[in-house]
Amino acid sequence: MAALLKKRALAEYNKSFQDGPSSKKLHLAKKPLIGSSAAAFVGLLEKCKSSEEALQLLLRISDCLQFQESDVEEAIKKLSEHFRSEEESVVRVKILWLYCDIGLECPGANLNNLIEETIHLIKNETSHKVIAQGIATLLKLGSKLSDDKILMMRLVNVAKDNLKDTSHSVKCRSLQLISELYPIYPESDRTQDMTVEADAIVKLLGDYSNAEDARVRCEAFQSLLTLHERGQTLNASLYEHVCESLSDDYEIVREVALKLVWLLGNKYPENSITLPDGETTIRMVDDAFIRICSAVNDLCMQVRALACSLLGSTCAVSDRFLLQTLDKQLMSNMKKKRTAHERGAELVRSGAWASGRRWADDAPGQLVEQHSVQLLPGGAAGAFVHGLEDELMEVRTAAVDAVCQLSMENPIFAITSLDFLVDMFNDEIEDVRLRAIDSLTKISHHIILREDQLEIILGALEDFSMDVREGLHRMLGSCTVASKTCLEMCIDKILENLKRYPQDKRSTFRCVQRMGSSHASLVLPLTTRLLAVHPFFDMPEPDVEDPAYMCILILVLNAAQHCTTMLPLFEEHTIKHYTYLRDTMPHLVPHLPIGESQFSRSERSETAIDDSAVRRFFDSVLQHIDNVTLSSNVRLKMLRAAEEQLNKLAEMEPLVSGAAQFTALFAGCVLALHHALLANCGPPPHALANLTTDCLRLQHQFSGVSEQESACVGQLALRVAAARLCAPDAIATATATSTTAATTAAMSAAAALTHQAEMLDRLLASAGVEPDPFTIAVFQLLSASGEHKPASLARALMPLLQAAPLPTIPKPNLKIRMCSASILEPANDNDTVVRFSAGLIAGVALEAEVVRVREPGALRVRVAYPDRRVHALVPPRDHLRPLDHLDTNDDGTQNVRLLTKVLISHGVWTEPCGVDISICLAVEETSGREPAPLVELCRPVRVTVAPKPIKRGI
């Protein structure tokens, strides 16, 4: 079609016209442009009368940077000629900028020629800006040719020559080029000359750390870091020089110097460093740790935050220095302590004597140097205390993370830092509190919570933020408490908090479950009090639906799993409640040998399913369905029976429910398609709509599907797409009485069929699957002619559909998992009526859990109103959170939790009606303007809504 339109347009464009009796003919012909538009702009540079016009023209060239391969060399030549004749440095800078863009973006550009031209142009340049831009261009172009070692060394030599420039920008660019383009060879391939040359480059970069300009000093240190990242070994002799820069006047220098100190300390941890007293030596990693601790008191916030983060990643630090970071007491400034006898002996050797009345009464005092006197604590003393008490949130957050990292590797430091992390629960910033809670959760295996610490922790449970409360639930479930009193405090506070925030019910259940499993010996003496068991009187039976009583039951039952001594303490109603919870919440309540379970042999574990038995069941269900010798009626009856049995299997076996539901849904689609094709008036539209949705479910709702199974689903979807084209509304398009809506539907169905055929063709080729006879016939029909009318396609496809055999059922794959969602709030049995003024917006809180979703960004909230209006709402990214108890799966899918507000709005209703809310998956199947179809992941929840009329007047 495009070729035909182009031919017709050219024919009309080159047509000859004759006006009146004149015999002259006017022939309009389009003159082809020589070169491209950017090349034409370059050609106009010669006509520019001023530098401003040249700059504007260069900006237009940069905007439409499109050169033909034959025009690139000519454009570079003209730009170079204009560079030599241009007086304004800004224009020359832009020309060098264009050199870089042409080399990186234009095909056919010779990078070696561009580099040579750039070197030649900046050789005699006097403007610092132009030289800096030229070196930047060489850096970007050279990075594309990093394999050419000779060229890289030439560029490095050019940068060395420009290091003598007086401009800081030229020096910084030169240092950056040397660090990024200097060729670094593997250790095994280096010769002695290469090593000497590399050390000379490192020394050269280190020497520029003494430059007058702080920006040059910063770039010199950054270049050393870049060399290290590329594989160049830095010598330990740099350490002393870098440490001197920690007291630089500029924070940018101190910040990069800190990174180098940390790097050298971790690389050479066992090297000895002599302290200023000349006698004491310590390990380099300890000295680096002390110096980084000193930076926690820096005036600049960025330096303090960086110092705290580097402290957490410093490895192999001695315990005495680690523990000193949590103590504000002054240190001895790393001086060696001498006994009184040694001090007296030194006094005798000095030759100073007193009168004898008092020992050393007039002996001269020790000379004290001015720089050795410190009025403020230095070194590692109280570094983390200062960091955790900093006035800025960034520093406190970095300090909390650093304490957590060090505590995970050092149990002694974890126990010591526990009080400080607990104090951070009272921080004014929510993010800091969350970091402290998560940090305590990570180091929970090292610590035991005392009663005074629990008072602060449990006080934070009253926080208004749900994230903080749920984080505390995770932390309490992970930690160990010291005594029965502590556990009793936790239980009482959790139950009290549950009354205040009933929406925290699910996280509270998981908290008490883990607490009971880890504190079985402490739960035992509390069992009678918790379950209200009296030795003489029968107590009233609690309500099993009460969330507080459910928490107590979950706690006690999980503790009884590890302490069978408490099983005889259970009363009859407790055992009945256990059976009820075991059936309704099997993931929270373990198997116990009480009630009906004690008479069974053993409860089968969900994780110990015999794969061979399940496969045999699948084979027995599907063994005769693909037997072509049987009649279609017999195969359809067997298919219907297989669908029912597979649905029952999905309910009984959770681990194979995905495979069972996939096969059952495929069988249901085959049955529904067969019945739809047997209809007298053609396939019913509603049946085809359901079939289309089911095919989308097979394609997008299941994970772990192999390519062969996807090919089977694709061939089934092709049949459904063909049946949509053969529907009565589409066939009516061929008649003269067809409406615009029917025509649009027919065109859409034809486009969907073509799109599905193209996708299936690629899928069959990649999977190596032979297509069935119907698929082959459809491919031949579509490839016979490029353009088919929907009516003719429908007439050709209908006999093919009716004569086609039943599709092949794919073999069972037990690795298939299904994506599903469950709406926790609002509840399905909620009778509350949401009332709001008509035309305004009401928010309904929604909490849902979605498991095994491949792309969380495709989730949608579907809102269906009683008047059949449907809205698909896109939840914000920050409303999708990972599930705290299960985040990722083995097949790469994610488990997310959706916490959002569903916005509902409508006009006036005479009476309250229900609005259905469900979680769906948006499927990008259509390439046109139609909205993406939705695949429902759960049953909708109905919310009763009553828009009331707006009151007029006062």
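Residues numbered from 1 in each chain as written. Predicted model: local features only at pLDDT ≥ 70, side-chain atom pairs only at ≥ 80, totals over all residues. Heavy atoms only, no water.

Chemist: Account for the sheet that holds strand β15 (residues 894-904), naming residues and giving values.
Modeler: Read from one edge to the other, the open sheet built from four strands follows the order β9-β11-β15-β14, with strand pairing classed as antiparallel. Edge positions in the sheet fall to β9 (820-825) and β14 (880-882), since each has one partner strand and no second. On average, adjacent strands in this sheet sit at an angle of 25° to one another, irrespective of strand direction. Judged from the three bridges that link them, β14 and β15 form a sheet pairing that is antiparallel. (Pairing = 2+ DSSP bridges. Helix = DSSP H or I, 4+ residues; strand = E, 2+ residues; numbered from the N terminus. Axes fitted to C-alpha atoms, helices over the stretch in contact; angles between N-to-C directions.)

Chemist: Can you explain the environment of C64? Please cite residues and give values.
Modeler: Position of C64 among the secondary structure elements: in the loop between α3 (51-63) and α4 (69-85). Note: C-alpha distance between C64 and F41 (23 residues apart in sequence) is 9.7 Å.

Chemist: Which residues make up the pattern of salt bridges, and what values go with them?
Modeler: If charged atoms from side chains of opposite charge come close, those side chains can pair. Evaluation of the coordinates by the stated rule reveals 33 salt bridges. Linking E125 and R92 is a salt bridge whose minimum nitrogen-to-oxygen distance equals 2.7 Å. One end of the pair, E125, is in the loop between α6 (111-123) and α7 (128-143); the other, R92, is in helix α5 (residues 89-105), with 33 residues separating them in the sequence. Taken as a pair, E125 and R92 share a single burial class, namely buried. (Salt bridge = Lys/Arg side-chain N within 4 Å of Asp/Glu carboxyl O. Buried < 20%, exposed > 50% of the residue type's maximum accessible area, 1.4 Å probe, protein only.)

Chemist: Go over helix α38 (residues 790-803), please, and point to the residues and values.
Modeler: Its 14 residues place the ends of α38 20 Å apart at the C-alpha level, agreeing with the 20 Å of an ideal helix rising 1.5 Å per residue. Within α38 the residues assigned to the buried category are P790, A791, L793, A794, L797, M798 and L801. (Expected span 1.5 Å × (residues − 1).)

Chemist: Describe the packing of aromatic side chains, and please don't skip the residues or the numbers.
Modeler: Aromatic ring pairs: the centre-centre distance and the angle between the two ring planes describe each pair. In total, this model carries two aromatic pairs according to the counting rule given. Centroid distance F384 to F413: 6.0 Å. Interplanar angle 55°. Geometry classified as tilted. In this pair, F384 sits in helix α18 (residues 383-388) while F413 sits in helix α20 (residues 411-423), placing the two residues 29 residues apart along the sequence. For the pair F384 and F413, a shared accessibility class is recorded, and that class is buried. Measuring from centroid to centroid gives 5.3 Å for F662 and F702, while their planes differ by 80°, and the two rings are edge-to-face. Taken as a pair, F662 in helix α32 (residues 657-677) and F702 in strand β7 (residues 702-703) lie far apart in primary sequence, 40 residues in all. In this pair, the class of F662 matches that of F702, namely buried. Over the aromatic face of Y501 sits the side chain of R469, whose NZ or CZ is 3.7 Å from the ring centroid. (Phe/Tyr/Trp six-rings, centres within 6.5 Å; stacked < 30°, edge-to-face > 60°. Lys NZ or Arg CZ within 6 Å of the ring centre and 35° of its normal.)

Chemist: Tell me what's going on with the confidence of the model for the protein chain, and back it up with residues and numbers.
Modeler: Residue-level pLDDT values for the protein chain average 83, and 85% of them are 70 or greater. In this model, residues 599-609 is a region of pLDDT below 50 whose contacts with residues beyond four sequence positions or in other chains number 11 contacts. Note that residues 733-738 has pLDDT below 50 and, in this model, eight contacts with residues that lie over four places away or in other chains. (pLDDT = per-residue confidence, 0-100. Contact = heavy atoms within 4.5 Å.)

Chemist: I'd like a rundown of empty space enclosed by the protein, residues and numbers included.
Modeler: Taken as a whole, this structure holds one cavity of 30 Å³ or more when the rule is applied. Lining the largest cavity are E470, Q503, D504, R506, S507, R510, L824, E847, E849 and R897. Listed by contribution, the elements that provide at least two residues to the lining of the largest cavity are α25 (505-518) and β11 (842-853). Per element, the largest residue contribution to the lining of the largest cavity is three residues, and it comes from α25. Here the residues of the lining of the largest cavity are counted per class, giving one nonpolar, two polar and seven charged. (1 Å grid on protein atoms, 1.4 Å probe; cavity = no way out; pocket = protein on both sides within 12 Å on 5 of 7 lines; lining within 4 Å. Points joined across faces, edges and corners; volume = space filled by probe spheres on them. Nonpolar A, V, L, I, M, F, W, Y, C, P; charged D, E, K, R; others polar.)

Chemist: Any details on the environment of A922? Residues and values, ideally.
Modeler: If you trace the backbone, A922 turns up in strand β16 (residues 913-922). For A922 and A858, which are 64 residues apart along the polypeptide, the C-alpha to C-alpha distance reads 5.2 Å. Those residues in contact with A922 that lie beyond four places of it in its chain are A858, R860, P933 and L934.

Chemist: Can you explain a negative patch on the surface? Please cite residues and give values.
Modeler: Side chains of E541, D543, E545 and D546 sit close together on the surface and give a patch of like negative charge. By secondary structure assignment, the location of E545 is in the loop between α27 (527-530) and α28 (547-560). (Patch = residues over 30% accessible without salt bridge, like charges linked within 9 Å, V, L, I, M, F, W, Y side chains within 5 Å. Areas by Shrake-Rupley, 256 points an atom, 1.4 Å probe, with all protein chains shown as cover. Lys, Arg positive; Asp, Glu negative; His and termini not counted. Charge placed at Lys NZ, Arg CZ, Asp CG, Glu CD.)

Chemist: Give a detailed account of the side chain of S209, specifying residues and quantitative values.
Modeler: In this structure, S209 sits in the loop between α10 (192-207) and α11 (214-229). Overall, S209 belongs to the buried group, its relative accessible area being 3%. Among the polar contacts listed, one links the side chain of S209 to the backbone oxygen of G206, at a separation of 2.4 Å. Once residues lying within four places of it in the same chain are set aside, the contact partners of S209 are R217, A220, F221 and H241. (Polar contact = N/O pair within 3.5 Å; in protein donor to acceptor, adjacent residues only side chain to side chain.)

Chemist: Give a detailed account of the nonpolar core, specifying residues and quantitative values.
Modeler: Counting 184 residues, the largest nonpolar core has L440, M475 and L476 as the members making the most contacts within it. Looking at this core element by element, the count peaks at 12 residues for α28. Look past the residues within four positions of L476 in its chain and what remains in contact with it is L454, I457, L458, L461, C490, I494, C511 and M515. The next biggest cluster of nonpolar side chains, apart from the first, holds 61 residues, and it includes C712, A794, L797 and M798. (Core = buried A, V, L, I, M, F, W, Y, C linked by side-chain atoms within 4.5 Å.)

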